[in-house]
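# Survey of secondary and tertiary structure
Residues per chain are reported as follows:
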Amino acid sequence: MRNIRMTIEYDGTDYAGWQKQPEGVSTVQGVLEEALGRIVQEHVLLTAAGRTDRGVHARGQVANFRISSALNLHRLSYAVNSLLPPTVRVMEMEEVPDDFHARYSALVREYRYFLLEKPSAINRRYAGYISKPLNLDQLNLCAGELVGKHDFSVYSRDNGAADNTFCTVYSAAWEHQGDMLVFRISASRFLRTMVRYLVSAQLEASPGELEEALRTGKRVKKLVPADPAGLFLWRVVY
C-alpha cells in the first residue's frame, strides 16, 4: 500500500466541518473521499492534521491516505480536482514513508483569524466583524499570555472532556493587514473550538484576565466563540 500525503485548500462556508458525517451532510472529508474513491476504484479513508469546525476554512490542511493503485500522483491530483466542487482544491500530493501520519506526525499547526472593523459585503465570508474600536497594543498583551504550555479546557468546547487538554502555544500575536486585524497563533495542538474562544476572549478581556483563566480554569466572562467565517487553518509543519 502506498501512503499519500496531500495539502488541501477549502472554503468551509457551506460545509459541516472537515469530519465525515452521516449521508446527506456535506463535509470536506466526505467530498474528497468520494472523489478519490471514484478515481482509484477502492475505499479511501483520509486522516487530517486537524478537524476544522463548520464554516472554518483552510489554506494548508494536510491529510494522508493509503491506496494500492499505482496511478501517477500528478494525474491523480488533476483527476480529483476535476471532480471536486470549486470550494475544495488539492494543492499538492506526494508519496511519503509508511510511518507518516497527518495528525500524529505534525509538530506545529498555525491558525489565522481575520477580523473586520467595518462591515464588508465582499469579505464577510472570510472574516469576522466587530463594531467597537480595538487597541492593538492591548490585544497583543492578551495574546502574550497564551504563550507556553497551559490547560486550555477553559477555552474549549471539549470543556475538559478530552483525555489531554494541555497545549503548547509557540506564538500568538495580532497585526494590521490592510483593512483587517489578523490574529496568528501556532501551537503543538488545538482543542475543539479553542481558537475561536481565544479570539472572543481577547476581544473582551483586559490584560491579565486570560492568564488568570488559564491558571484557575474559570473564565472571567461568559463567551461565545468568534464567527467561524474568520478562521483559517493556515499551515502544518512536520
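So, a few notes on the structure that sits alongside this text. All residue numbers refer to position in the chain's written sequence, counted from 1. Selection of residues for local features in this predicted model requires a pLDDT of at least 70, selection of side-chain atom pairs for listing and counting requires 80 or more, and totals for whole chains, interfaces and linings are taken over all residues. To get the side-chain values, all heavy atoms of the structure are used, and hydrogens and water are removed first.

### Points about helix α3 (residues 136-144)
Under the convention used in this document: Each residue is assigned to one of three classes by its accessible area relative to the maximum for its type, calculated with a 1.4 Å probe on protein chains only: buried under 20%, partly exposed between the two thresholds, exposed over 50%. Comment: elements are numbered from the N terminus, with helices defined as DSSP H or I runs of at least four residues and strands as E runs of at least two. The directions considered for the arc run from the helix axis to the C-beta atoms. Contact between two residues is taken to exist if any of their heavy atoms lie within 4.5 Å; hydrogens are not considered. Nitrogen and oxygen atoms within 3.5 Å of one another constitute a polar contact, given that in protein one can donate a hydrogen and the other can accept it, and given that sequence-neighbouring residues count only through two side-chain atoms.
For α3, the set of buried residues is Leu139, Cys142 and Ala143. With its buried residues spanning 100° around the axis, α3 presents them on a single face. Along α3, the residues that are exposed and aim more than 90 degrees away from the buried face are Asp137 and Leu141. Of the surrounding secondary structure, the elements contacted by the buried residues of α3 are β8 (166-177), β9 (180-187), α4 (194-204) and α5 (209-216). One side-chain oxygen at the N-terminal end of α3 lies 3.0 Å from the backbone nitrogen of Asp137; it belongs to Asn135.

### Section: the pairing of strand β10 (residues 231-237)
The condition that has to hold: For two strands to count as paired, DSSP must find a minimum of two bridges between them.
In this structure, strand β3 (residues 57-67) lies alongside β10, joined through two bridges in parallel fashion. Within the sheet, the bridge partner assigned to Ala58 lies in β10 and is Leu233. Where strand β5 (residues 108-116) and β10 come together, six bridges link them in antiparallel fashion. By the bridge assignment for β10, Arg109 is matched with Val236.

Honestly, it's all geometry; don't read function into it.
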